[in-house]
Every structure is written in C-alpha cells, then in structure tokens.
Amino acid sequence: MNWQNITFDWNQARAFLVTAEEGTLSAAARALGLTQPTLGRQVTGLEEALGVTLFERAGRSLALTQPGRELLDHFRSMGDAANRIALAASGKSREIEGKVRITATNVVATYYLPPIMARLRREAPGIEIELIASNEVRDLTRREADIAIRHVRPEQPDLIAKLVRETTGHLYATRGYLDSFGRPDKPEDLSTAEFIGFEDQEQLLPLFAGMGIPLTAQNFKLTSTSSTAILAMIKQDLGISVLTRDMADQHPDLEQVLPGLDPIPVPVWLVTHRELNTSRRIRLVFDLLAEELAKESH
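So, how was this worked out
Here the residue index of a chain counts from 1 through its sequence in written order. pLDDT decides what is reported in this predicted model: residues at 70 or higher carry local features, side-chain atom pairs at 80 or more are listed and counted, and totals for whole chains, interfaces and linings draw on all residues regardless. To get the side-chain values, take all heavy atoms of the structure and skip hydrogens and water. Comment: elements are numbered from the N terminus, with helices defined as DSSP H or I runs of at least four residues and strands as E runs of at least two. A contact between two residues is defined here by any heavy atoms of the two lying within 4.5 Å. In the analysis that follows, any N or O atom pair within 3.5 Å is treated as a polar contact, provided that within protein one partner can donate a hydrogen and the other can accept it, and provided that, for residues neighboring in sequence, both atoms belong to side chains. pLDDT expresses, on a scale from 0 to 100, how confident the predictor is about each individual residue. Note on geometry: axes are lines fitted to C-alpha atoms, helical ones only across the stretch in contact, with angles between N-to-C directions running from 0 to 180 degrees. Orientation labels follow simple angle bins: below 35 degrees gives roughly parallel, above 145 gives roughly antiparallel, 65 to 115 gives roughly perpendicular, and whatever is left gives oblique. Should the near helix be turned anticlockwise from the far one by less than a right angle, the crossing is left-handed, and should it be turned clockwise, the crossing is right-handed. Amino acid classes used here: Ala, Val, Leu, Ile, Met, Phe, Trp, Tyr, Cys and Pro are nonpolar; Asp, Glu, Lys and Arg are charged; the rest, including Gly, are polar. Any residue with an atom within 4 Å of a point lines the site, the site being either a cavity, points on a 1 Å grid over the protein atoms alone where a 1.4 Å probe fits but cannot get out, or a pocket, an open set with protein on both sides within 12 Å along at least 5 of 7 lines. Grid points are joined across faces, edges and corners, and a volume is the space filled by probe spheres set on the points. Any Phe, Tyr or Trp ring, taking Trp's six-membered ring, that has another such ring centre within 6.5 Å forms a pair; planes under 30 degrees apart are called stacked, those over 60 apart edge-to-face, and the others tilted. Burial classification: accessible surface area is computed with a 1.4 Å probe over protein chains only, and a residue below 20% of its type maximum counts as buried, one above 50% as exposed, and the rest as partly exposed.

Draft legend 1. How the structure looks around the environment of H251. Position of H251 among the secondary structure elements: in the loop between α9 (245-248) and β10 (254-256). C-alpha separation for the pair H251 and K235, spaced 16 residues apart in sequence, amounts to 9.1 Å. In contact with H251, other than residues within four places in its own chain, are Y111, L231 and K235. A polar atom in the side chain of H251 sits 3.4 Å from the side chain of K235.

Draft legend 2. Region of the structure containing the confidence of the model for the protein. Of the residues in the protein, 90% have a pLDDT of 70 or more, and the chain-wide mean is 86. By mean pLDDT, helix α4 (residues 66-90) is the weakest element of the protein at 80, and β10 is the strongest at 97.

Draft legend 3. Looking closely at the packing of helix α5 (residues 106-123) against helix α10 (residues 280-295). Where α5 meets α10, the axes come as close as 10 Å, and the angle between the chain directions of the two elements is 135 degrees. Considering the angle they form, α5 stands oblique to α10. Like other packed secondary-structure pairs, α5 and α10 cross with a definite hand, here right-handed. In this structure, α5 uses L113, I116, M117, R119, L120 and E123 to contact α10, whose residues at the interface are L284, V285, L288, L289, E291, E292, L293 and K295. Tallied by class, residues from the contact of α5 with α10 come to 9 nonpolar, no polar and 5 charged.

Draft legend 4. Spotlight on empty space enclosed by the protein. Evaluated as defined, the whole model comprises 2 cavities of 30 Å³ or more. Counted as a void, the second largest cavity has a volume near 40 Å³. Broken down by element, the lining of the second largest cavity gets its largest block of residues, 3 residues, from strand β6 (residues 159-174). For the lining of the second largest cavity, the per-class residue count stands at 6 nonpolar, 3 polar and 1 charged.

Draft legend 5. Region of interest: the packing of aromatic side chains. Applying the stated rule across the entire model yields 6 aromatic pairs. Taking 5.8 Å as the distance between ring centres and 10 degrees as the angle between the ring planes, the aromatic pair formed by Y177 and F181 counts as stacked. With Y177 and F181 both in helix α6 (residues 175-181) and 4 residues apart, this pair spans about one turn of that helix. Among the residues examined, F181 registers a relative accessible area of 27% and is labelled partly exposed. Each ring, one from F195 and one from F220, has its centre 5.9 Å from the other, and the planes form 50 degrees; the classification is tilted. In this pair, F195 sits in strand β7 (residues 195-197) while F220 sits in strand β8 (residues 220-223), placing the two residues 25 residues apart along the sequence. Taking the relative accessible area as the measure of exposure, F195 reaches 2% and is therefore buried. Linked through ring pairs, F16, F55 and F75 together constitute an aromatic cluster.

Draft legend 6. Fine view of helix α2 (residues 25-32). Taken residue by residue, α2 has L25, A27, A28 and A29 as its buried positions. Just downstream of α2 lies G33, where phi reads positive at about 70 degrees.

Draft legend 7. Here's a closer look at the layout of surface pockets. The computed volume of the largest pocket comes to approximately 1,100 Å³. The wall of the largest pocket is formed by 43 residues, among which T105, N135, H151, F198 and S227 lie closest to the centre. If you tally residues by element for the lining of the largest pocket, the top one is strand β11 (residues 264-273), at 5 residues. Its residues assigned to classes, the lining of the largest pocket shows 22 nonpolar, 13 polar and 8 charged. When its volume is computed, the second largest pocket comes out at roughly 530 Å³. In terms of lining, the second largest pocket is formed by 24 residues, of which the most central are E21, L72, R76, R153 and A161. Those elements that place two or more of their residues in the lining of the second largest pocket are α1 (10-22), β2 (61-64), α4 and β6. Ranked by residue count, the leading element in the lining of the second largest pocket is α4, at 6 residues. Grouping the amino acids of the lining of the second largest pocket by side-chain chemistry returns 12 nonpolar, 3 polar and 9 charged.

What follows is the structure, given as structure tokens:
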C-alpha cells in the first residue's frame, strides 16, 4: 500500500460522510457536536486533499456531485470500520443497552435472522431485539421500526439505505406438481398452470407477461402476503411461484421451472433512520446485520 497517497485524515472523512447523510452542514454539525464553520473547513480540506468537489449548494441544502456520489459508499465503509474498531478496542459492545426494532419479510426473519440474533446475543447481551416479521413496509420515519430489511430502495431522503446483497428470483414448483402438470419447454406452456400469487394479481400479470408467460387472474387460485405461507403451499404441490434462488436451494424437493428464463433481480437493502449517526445500539445492530447478510451472497 502506498501510504503517501492518503493525504486526508479521518475527521475530514467523517465530516463528509455525516454531511452527506444529514443533507446540511448545520444538521451534520449538530450530529457531530461541532460548530458549522469547523465542519465546513473539514469538508473543504477533504475536497482539497482529494482534488474534487464533493458538494454543490441547492438552496439551504447540499447536493452531492457525481464524484461525491461515487465516493460515498467508500466513506460509508470507512465509517463502519471505524465504528467496529472503536467498539472492539473499548469492549463497549457488551455495555450497550436498549431495544432495537427490526422489520423483515417472513422468509428473512425465519431463515436468515435467527443465527444473526444468536451472534448479537453473544456480543451485545444488553440489547433487546423486537423482530417484526411482515411483508408490510413499516414507516421508519415515524419510528414504527428502527431497522428494515427491504427489497426496494426507499425514496425518503431522511432514511439511510445500504445495499447489502443481491440475489435473484426464479419460478419453482415441486417435482410432484411438475410430474402431474408436465415440465414446460417454453413460457407459453405455462398458460394453464396454477400459480400462487404474492400480491395483487393485476400487479403480477405484467411481470409474467414480460417473461413471455401469458397468464390471467384465473391462473392465481391462491394468493398470500406471507412468503413462508407461499413456500408451504408450493411444497404441498399446489402450484408454481417465485422464490429467491438461495431460498429454494434450501429445499431440495423444489425444482426450477424453465431455468432458461431471465432471472428477476432481488436486491436486499438495509434501511434505518438518521438516528444511526447518534445511537450506538442501532449502529451496532445495523453494522452486524450488514456484515452477516452480505455473507449470504453467492
């Protein structure tokens, strides 16, 4: 590593990161306990050290420039690492207490979070977790939850989102169902198949039409908002539905239908509110979730 290329210090990096997350110098200064002029000098110093402009003024707010957006994820990684170093060095993770509410889909809550909760209990026994297993999107800005695991990036500017992994969705059914219905050779062969819906059929039909599968509402005799219920119905030979690849891989009795179809992108976003910058318990849980969920990527 060429250490001489690193011409900025952590305070400047932290100033940029928090300003980008908060949106204004005044809000960032409050979050860091600094004066606005001091924070402004740190951001300017980073821009001079890197030789790029990171922010443009947009009224009272600041907007990231293209170089600023490209660098932001790198600085977020620095912030996560610095926080883990501080906690590890002081042993403070075992002293952090309080409740953190996490919302996730039924599948994520059932199959992925329990081992992560076990690690959290070992490393931070003072933290209480309330796990809300639901496909409904909770309003983090109203504190209906502290951290959400979602498949869609939030649009609210006051939320912090981190893409922790990417998987893909495919069509699956049991061998028993396919033995009875027949294994299709092309998308059109599924026009008479029974499908299990995971939301309103009118929203699903364009998705399948884009895959070349000509379905109507009549193909969906079963619908559920619960991912685990859909999985259970698939395993009862009741029809075909979309599952993520890594979810289906855990069930060897399932068979992918038309493997040649284009996969459906399924991003996994970790989302929280801006208390992430000031709450040690939320920061600890957020960072641990990000680390463990990223390990699930294939």
